[in-house]
Amino acid sequence: MSGDVSGRRGPRREEDADGSAKDAGGAAQGGGYGFETRSVHAGTQPDPLTGARQTPIYQNTSYVFHDADHAASLFNLQTYGFIYSRLTNPTVAALEERIANLEGGRGGTCCASGHAAQMMLFTALMEPGDRFVASQRLYGGSITQFGKTFKKFDWHVDFVDTNDPDAVAAAIGERTRAIFVESLANPEGTVSDLERLARLAADAGIPLVVDNTLATPYLCRPIEWGADLVVHSTTKFLSGNGTSLGGCVVDSGRFDWGAVPGRYRSLAEPEPAYHGITFWESFGDLAFTMWAHAVGLRDLGAAMAPMNAFQTLLGVETLPLRMQRQCENARALALHLAEHPQVQRVSYPGVDATAPVQTELAARYLPIGAGAVFTFELRGGYDACVRAVERCNLFSHLANVGDTRSLILHPASTTHRQLSEEQQRAAGAGPETVRLSVGIETLEDLVADLDQALHGAEGVGG
Ligand SMILES: *Cc1c(COP(=O)(O)O)cnc(C)c1O
């Protein structure tokens with residue numbers, strides 16, 4: 001392991017972190033390079049030892065110290081390098097740098113899954129008794145994680161309609177430590193008013209945290225709109241092939257963790273395990289990213305596997321191409337469904353005439369395309385939905401999004417089954433609602449598959 005690789009790929013402190021540095025391989029680390037170029041090159045370079053062009057899978061747990069002084073300085077966080085893969089790994093570090101670069105953030109921290117990333121993020125922000133405000137329109141698993149398991153840590157969530165600024169302001173109290181939203185929210189594709197939320201968060205002296213999983217940085221970069229932290233389930237569009245669980249937290253580096261004494265103790269108070277250093281004082285705009293590796297991953301243990309980082313790096317290379325195609329297919333399918341006699345509503349922004357505000361928000365925050373996940377409602381209700389889902393041949397009936405393959409799900413009989421009908425409706429997943437995640441296949445084939453499925457489902461339920 002050469003010092004160059006470890007220095008470049010570890011959490012970054014030097015001026016190359018703004019993405020301006022270019023290595024001997026001509027890799028685009030950022031700067032003036034376009035999004036597509038950075039999707040292929042950012043964070044990686046030819047392997048300095050072998051010249052291997054594709055990023056090696058460092059399937060490796062631990063790293064040899066040069067000598068005792070080197071080991072001591074690594075453990076003191078005075079030198080950047082690799083100790084043990086629960087904290088940092090070169091393949092994972094390449095992915096962290098690439099995602100941070102694409103989001104326009106200061107540093108990234110990858111975790112074993114999107115939920116692991118959320119767990120790690122809130123461990124940094126919360127103390128027992130603290131609260132955060134979250135959108136009531138979130139991935140179902142996040143609602144459960146926040147509302148149930150977080151309670152065991154005495155962390156509390158206040159779910160509100162986050163596109164209602166008065167509701168958000170009213171929910172922010174003395175112990176509120178963050179606002180959490182999805183840029184493009186599951187399952188209906190609801191767009192969050194990020195700039196307005198960033199202002200509310202800044203006024204309260206708390207960070208805006210944005211789950212950018214469904215939009216991806218290709219469609220929306222929340223940090224440009226004022227978000228402080230971005231979190232991803234890389235399991236979805238970033239990896240894109242349905243092969244690898246993963247998560248990532250990207251820090252903008254802009255939030256002042258020390259502004260209110262005692263508020264963010266993990267980041268702004270002395271850390272006994274590292275000789276009393278204070279991350280915010282010692283590392284400045286890298287405080288969150290350093291804490292996330294040196295304490296978060298060290299103690300929570302939910303590190304990303306190197307193989308998963310490799311698969312996800314491969315996926316990110318084609319992110320712009322896939323997202324373009326998936327958005328095109330999704331919009332065309334939404335328009336087709338909106339004209340279908342059995343369909344009473346389609347939630348896709350710009351297609352749903354009943355939601356003009358959503359159309360405006362999508363035009364502002366997602367100018368390239370409004371994503372590939374949306375819902376539609378069947379007049380035939382629950383039974384027609386179940387029949388339609390079962391009759392699909394090309395669309396796979398499963399609980400995932402963001403695959404190159406088109407996916408279909410009836411939330412009320414699967415992911416949202418345990419909720420009351422009222423709760424299902426509040427989550428945008430009523431009995432008559434079907435969710436699609438549109439892939440990159442030939443559009444005519446997708447249209448034909450849905451048409452035959454809907455035709456066969458007719459009359460059964462309504
Ligand atoms: C899937 C998903 C998550 C959770 O990610 P995992 O990788 O499954 O743990 C969080 N947020 C959103 C928007 C998701 O789609």
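Remember, it's a predicted structure, so these values are computed and weren't measured experimentally.

Rules and cut-offs
- Residues numbered from 1 in each chain as written.
- Predicted model: local features only at pLDDT ≥ 70, side-chain atom pairs only at ≥ 80, totals over all residues.
- Heavy atoms only, no water.
- pLDDT = per-residue confidence, 0-100.
- Contact = heavy atoms within 4.5 Å.
- Pairing = 2+ DSSP bridges.
- Helix = DSSP H or I, 4+ residues; strand = E, 2+ residues; numbered from the N terminus.
- Axes fitted to C-alpha atoms, helices over the stretch in contact; angles between N-to-C directions.
- Domains from an automatic or database assignment.
- Buried area = accessible area lost by both parts, 1.4 Å probe.
- Salt bridge = Lys/Arg side-chain N within 4 Å of Asp/Glu carboxyl O.
- Polar contact = N/O pair within 3.5 Å; in protein donor to acceptor, adjacent residues only side chain to side chain.
- Near = heavy atom within 4 Å.
- Areas by Shrake-Rupley, 256 points an atom, 1.4 Å probe, with all protein chains shown as cover.
- Nonpolar A, V, L, I, M, F, W, Y, C, P; charged D, E, K, R; others polar.
- Buried < 20%, exposed > 50% of the residue type's maximum accessible area, 1.4 Å probe, protein only.
- Right-handed = clockwise from strand over helix to strand, strands pointing away.
- Left-handed = near helix turned anticlockwise from the far one by under 90°.
- Phe/Tyr/Trp six-rings, centres within 6.5 Å; stacked < 30°, edge-to-face > 60°.
- Disulfide = S-S within 2.5 Å.

### Regarding the confidence of the model for the chain
Item 1. Within the chain, residue pLDDT values average 91, and 92% of them lie at 70 or more.
Item 2. The low-confidence segment residues 1–29 (pLDDT under 50) makes 74 contacts with residues lying over four places distant or belonging to another chain.

### So, the sheet that holds strand 14 (residues 433–437)
Item 1. Here five strands make up an open sheet; going across it, the order is 10-11-14-13-12 and the pairing mixed. Here the strands that pair on one side only, and so sit at the sheet edges, are strand 10 (343–346) and strand 12 (396–397).
Item 2. Note that strand 13 (residues 407–409) and strand 14 share three bridges and pair antiparallel. The residue bridging L407 from the neighbouring strand is S437, located in strand 14.
Item 3. Where helix 16 (residues 381–391) meets the sheet, its contacts fall on strand 11 (373–378), strand 12, strand 13 and strand 14, and the angle it forms with strand 11 comes to roughly 125°.

### Considering the domain arrangement of the chain
Item 1. Under the domain assignment, the chain is made up of domain 1 (14–315) and domain 2 (319–456).
Item 2. Using C-alpha coordinates to define each centre, domain 1 is positioned 29 Å away from domain 2.
Item 3. When the buried area of domain 1 at its contact with domain 2 is split by residue, Y218, L219 and F237 rank highest and sum to 25% of it.
Item 4. The tally of links from domain 1 across to domain 2 stands at two salt bridges.
Item 5. Residues E195 and R364 are paired through a salt bridge, measuring 2.2 Å at the closest nitrogen-oxygen approach.
Item 6. Across the contact surface, domain 1 and domain 2 share 15 residue pairs in polar contact (both at pLDDT 80 or more).
Item 7. At the level of elements, helix 2 (35–41), strand 6 (190–191), helix 8 (194–204) and helix 9 (216–219) are the ones that each hand at least two residues to the side of domain 1 that touches domain 2.

### Remarks on the site of the ligand
Item 1. Taken together, 15 residues surround the ligand, and among them G114, D211, S233, T235 and K236 come closest.
Item 2. In the environment of the ligand, an oxygen atom lies 2.8 Å from a nitrogen or oxygen atom belonging to the backbone of G114.
Item 3. In this structure, K236 approaches the ligand through a side-chain N or O atom, which is 2.7 Å from an oxygen atom.
Item 4. In the complex, 94% of the free accessible area of the ligand, which totals 380 Å², lies under the protein chains.
Item 5. Counting residues per element, the shell around the ligand draws most heavily on helix 5 (residues 114–125), at three residues.
Item 6. Residues that form the shell around the ligand fall into these classes: two nonpolar, 10 polar and three charged.

### Quick word on the pairing of strand 2 (residues 131–135)
Item 1. With respect to burial, strand 2 is a largely interior element, four of its five residues being buried.
Item 2. Note: strand 2 against strand 3 (residues 156–160), five bridges, orientation parallel. Across the sheet, residue A134 finds its bridge partner in strand 3, namely F159.
Item 3. Read from strand 2 through helix 6 (residues 140–147) to strand 3, the crossover connection turns out right-handed.

### Focus on the sheet that holds strand 7 (residues 208–211)
Item 1. Strand order in the open sheet formed by seven strands is 1-9-8-7-4-2-3, and the pairing between neighbours is mixed. The open sheet has two free edges, formed respectively by strand 1 (107–111) and strand 3, since each of these has just one partner strand. On average, each strand axis in the sheet is inclined to that of its neighbour by 20°, with strand direction left out of account.
Item 2. Both strand 2 and strand 4 (residues 176–182) contribute to a ladder of three bridges, which runs parallel. Within the sheet, the bridge partner assigned to V133 lies in strand 4 and is I179.
Item 3. Together, strand 1, strand 8 (229–233) and strand 9 (247–251) form the strand contacts of helix 4 (residues 90–103), whose direction differs from that of strand 1 by roughly 130°.

### Remarks on the packing of helix 5 against helix 6
Item 1. Two elements in contact, helix 5 and helix 6, have axes separated by 11 Å at closest approach and are oriented at 35°. As for the relative orientation of helix 5 and helix 6, their crossing is right-handed in sense. Contact residues: H115, Q118, M119 and F122 in helix 5; G141, S142, Q145 and F146 in helix 6.
Item 2. Classifying every residue of the contact of helix 5 with helix 6 by side-chain character gives three nonpolar, five polar and no charged.

### A few points about the packing of aromatic side chains
Item 1. If you walk through the whole model with that rule in mind, you get 21 aromatic pairs.
Item 2. Seen in terms of ring centroids, F122 and F150 are 5.5 Å apart; in terms of plane orientation they differ by 65°. Their pairing is edge-to-face. Of this pair, F122 sits in helix 5 while F150 sits in the loop between helix 6 and strand 3, and the two are 28 residues apart along the sequence.
Item 3. Note on F122: relative accessible area 0%, which makes it buried.

### Remarks on the state of the cysteines
Item 1. In this structure the tally under the stated criterion is zero disulfides.
Item 2. No disulfide involves C111; its sulfur sits 7.3 Å from that of C110, the nearest cysteine.
Item 3. No disulfide involves C385; its nearest neighbouring cysteine sulfur is the one of C392, lying 11 Å away.
Item 4. Using a relative accessible area of 0% as the deciding quantity, one classes C385 as buried.

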